[in-house]
Amino acid sequence: MFKKMISKVEKFVKVPPKEGYIKNSSILVTGLMIIGMILYPFTKGYGTIIALAAALIVMVGQKLLIKQAKNDFRDMYYAKDMYLKTKNTEYLDFITARSKQMINDVKVLSDRAKKEISELQKFVEKYKK
């Protein structure tokens, strides 16, 4: 029973890949944990709880951003494939809108994500007339 619980936690908290669509927040989480250790004797544990809660919020937020970025890129690549098959320009409009939204909303995009967005925007420029 204990092993099942640990495996579920490991799946949820597994470290994201180094070169994903979102920058890794491991350094920030580690810093918050160190701050929690430093605060422990001075705040009787309350500062530690706050620092660890902040670290947990960062990890959950990163997981949500990673999932959303993967979905957005999957949708944009699907739109690219569908444009090549159907020549419907609404697919190009979708790629343009979604890529602009990602650049404006997600401030922690990795270099890989920015490069792929740039390539998708060049694809749109090439076929949009």
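Residues numbered from 1 in each chain as written. Predicted model: local features only at pLDDT ≥ 70, side-chain atom pairs only at ≥ 80, totals over all residues. Heavy atoms only, no water.

### Focus on the overall build of the chain
- On a plain count of helices and strands, the chain comes out with five helices and zero strands.
- Buried positions account for 28% of the 129 residues belonging to the chain.
- By sequence separation, contacts in the chain at least 24 residues apart represent 64% of the contacts at least 6 residues apart. (Helix = DSSP H or I, 4+ residues; strand = E, 2+ residues; numbered from the N terminus. Buried < 20%, exposed > 50% of the residue type's maximum accessible area, 1.4 Å probe, protein only. Contact = heavy atoms within 4.5 Å.)

### What to know about helix α2 (residues 26-43)
- The end-to-end C-alpha separation of α2 is 25 Å, in line with the 26 Å expected for 18 residues at 1.5 Å each.
- In the core, the buried residues of α2 are packed alongside α3 (46-86).
- Once α2 finishes, K44 follows within two positions and takes phi at roughly 55 degrees, a positive value. (Expected span 1.5 Å × (residues − 1).)

### A short note on unusual backbone geometry
- Unusually for a residue other than glycine, K44 sits at a positive phi of about 55 degrees.
- Summarising the element assignment, K44 is placed in the loop between α2 and α3.
- Residue classification places K44 among the exposed residues on the basis of a relative accessible area of 74%.
- In this structure, K87 takes a positive phi of about 60 degrees despite not being glycine.
- Relative to the helices and strands, K87 is located in the loop between α3 and α4 (90-105).

### Let's talk about the packing of α4 against helix α5 (residues 111-127)
- Between α4 and α5, whose axes approach to 10 Å, the crossing angle comes to 150 degrees. By the angle class used here, α4 and α5 are roughly antiparallel. The handedness of the crossing between α4 and α5 comes out as left-handed. Of the residues in α5, those touching α4 at L92, I95, T96, S99, K100, M102 and I103 are I117, L120, Q121, F123, V124 and Y127.
- Here the residues of the contact of α4 with α5 sort into nine nonpolar, three polar and one charged. (Axes fitted to C-alpha atoms, helices over the stretch in contact; angles between N-to-C directions. Parallel < 35°, antiparallel > 145°, perpendicular 65-115°, else oblique. Left-handed = near helix turned anticlockwise from the far one by under 90°. Nonpolar A, V, L, I, M, F, W, Y, C, P; charged D, E, K, R; others polar.)

Distances and angles like these do not, on their own, reveal function.
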